[in-house]
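# Architecture and fold: a report
Next come the chains, spelled out residue by residue.
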Amino acid sequence: MATINPDKLREALRTSVIKTIEAGQQAVNESILSLYADFKDRIFQDGLDADGGQIGTYSTKPIYVSINSQTSQVRKSSLKPKGKSSSKDFKNGKKRKSQYMPGGYSEFRAVVGRQNQKVDLFLTGSLSGSIVLGESGNARTIGFLTDGKVEIAEGNQNRFGKTIFAVSNDELSKFEDAVEAAATKAFFSAFE
């Protein structure tokens, strides 16, 4: 019959706890980066809300778009002063400062070189770029750099009637599974 050495068992348990805590911390650090990337890809590439559904479609209601207000991240050279009649000037001779888009915002996105098949909330990249990883006490966070970007995000959620800027159940589950697997592996490796 095998005997258990209490000192060896205590040492194995102590080592196991230390390895588990260290592995858990490492797994959290690595998994939060993966969660962050998945979160941004879901919204700004795949155009999906937190439940996995399409955020929406871009409006095709005719609009006028200012040709001077767009930032440099879009192909604004594609924008030309033009009204409904395609004239560059008004009847009074003044120059137009906008372009008429009969296909609405959807057409605008196509003209400046962005996809328009589904809402992906990526035009200039400023909203996506303002989402950062941070820390609050001992907790890791994903949030916006400025209140202005929070307002834009909330406005999009209100406009489309969907929760967009929340971690999805799939993203959270993937994160939890990775942390749990790393901690479990570290715990049992101390007894090998």
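Given the structure is predicted, the values throughout are model-derived calculations rather than measurements. (Residues numbered from 1 in each chain as written. Predicted model: local features only at pLDDT ≥ 70, side-chain atom pairs only at ≥ 80, totals over all residues. Heavy atoms only, no water.)

Attention now goes to unusual backbone geometry. Backbone geometry at Leu-121 places phi at a positive 55°, although glycine is not the residue there. Mapped onto the fold, Leu-121 is located in the loop between helix H2 (104–111) and helix H3 (126–129). (Helix = DSSP H or I, 4+ residues; strand = E, 2+ residues; numbered from the N terminus.)

This paragraph deals with the environment of Ala-27. Note on placement: Ala-27 falls in helix H1 (residues 6–44). Not counting residues within four places of it along the chain, the set of residues in contact with Ala-27 comprises Ala-178, Val-179 and Ala-182. (Contact = heavy atoms within 4.5 Å.)

Glancing now at the pattern of salt bridges. Summed over all chains, the structure comprises seven salt bridges. Arg-10 is the partner of Asp-7 in a salt bridge, and the nearest nitrogen-oxygen pair spans 2.7 Å. On the criterion of helical spacing, the pair formed by Asp-7 and Arg-10 is a turn pair, its members being three residues apart in helix H1. Asp-7 gets classed as exposed once you look at its relative accessible area, which sits at 53%. Here Arg-10 falls in the exposed class, since its relative accessible area comes to 54%. (Salt bridge = Lys/Arg side-chain N within 4 Å of Asp/Glu carboxyl O. Buried < 20%, exposed > 50% of the residue type's maximum accessible area, 1.4 Å probe, protein only.)

Next up on the list: helix H5 (residues 169–189). Working note: α-helix, 3.6 residues per turn, so residues spaced by three or four point in the same direction. Over its 21 residues, H5 runs 30 Å from end to end, which matches the ideal 30 Å to within 8%, given 1.5 Å per residue. Taken residue by residue, H5 has Glu-171, Phe-175, Val-179, Ala-183 and Ala-186 as its buried positions. The buried residues of H5 occupy one face: seen down the axis, they fall within an arc of 90°. Structural note: H5 exposes Asn-169, Asp-170, Glu-180, Lys-185 and Phe-188 on the side pointing more than 90 degrees away from its buried face. In the core, the buried residues of H5 are packed alongside H1. (Expected span 1.5 Å × (residues − 1). Arc of directions from axis to C-beta.)

Here we come to the packing of aromatic side chains. Counting across every chain of the model gives five aromatic pairs. Between Phe-44 and Phe-165, the ring centres sit 6.3 Å apart and the planes meet at 50°, which makes this aromatic pair tilted. In this pair, Phe-44 sits in helix H1 while Phe-165 sits in the loop between helix H4 (147–160) and H5, placing the two residues 121 residues apart along the sequence. When the ring of Phe-144 is compared with that of Phe-165, the centres are 5.5 Å apart and the planes differ by 65°; the resulting orientation is edge-to-face. Of this pair, Phe-144 sits in strand E4 (residues 139–144) while Phe-165 sits in the loop between H4 and H5; the two residues are 21 residues apart in sequence, bridging distant segments of the chain. With relative accessibility at 24%, the residue Phe-144 sits in the partly exposed group. Residue Phe-165 is classed as buried on the basis of its relative accessible area of 16%. Here the aromatic cluster, defined as three or more aromatic residues joined through ring pairs, consists of Phe-44, Phe-144 and Phe-165. (Phe/Tyr/Trp six-rings, centres within 6.5 Å; stacked < 30°, edge-to-face > 60°.)

Moving on, we get to the nonpolar core. Core analysis: the biggest nonpolar cluster contains 14 residues, and Ile-43, Phe-44, Ile-55, Leu-121 and Phe-165 have the highest contact counts within it. Elements represented by at least two residues in this core include exactly H1 and H4. The greatest single-element share of this core, amounting to four residues, is contributed by H1. Grouped together as the second largest cluster of nonpolar side chains are eight residues, Leu-79, Phe-108, Val-111 and Val-112 included. (Core = buried A, V, L, I, M, F, W, Y, C linked by side-chain atoms within 4.5 Å.)

Taken as a whole, the protein shows an average pLDDT of 86; of its residues, 92% reach a score of 70 or greater. Of all helices and strands in the protein, the one with the weakest mean pLDDT is H1 (84), whereas H4 scores best (96). (pLDDT = per-residue confidence, 0-100.)

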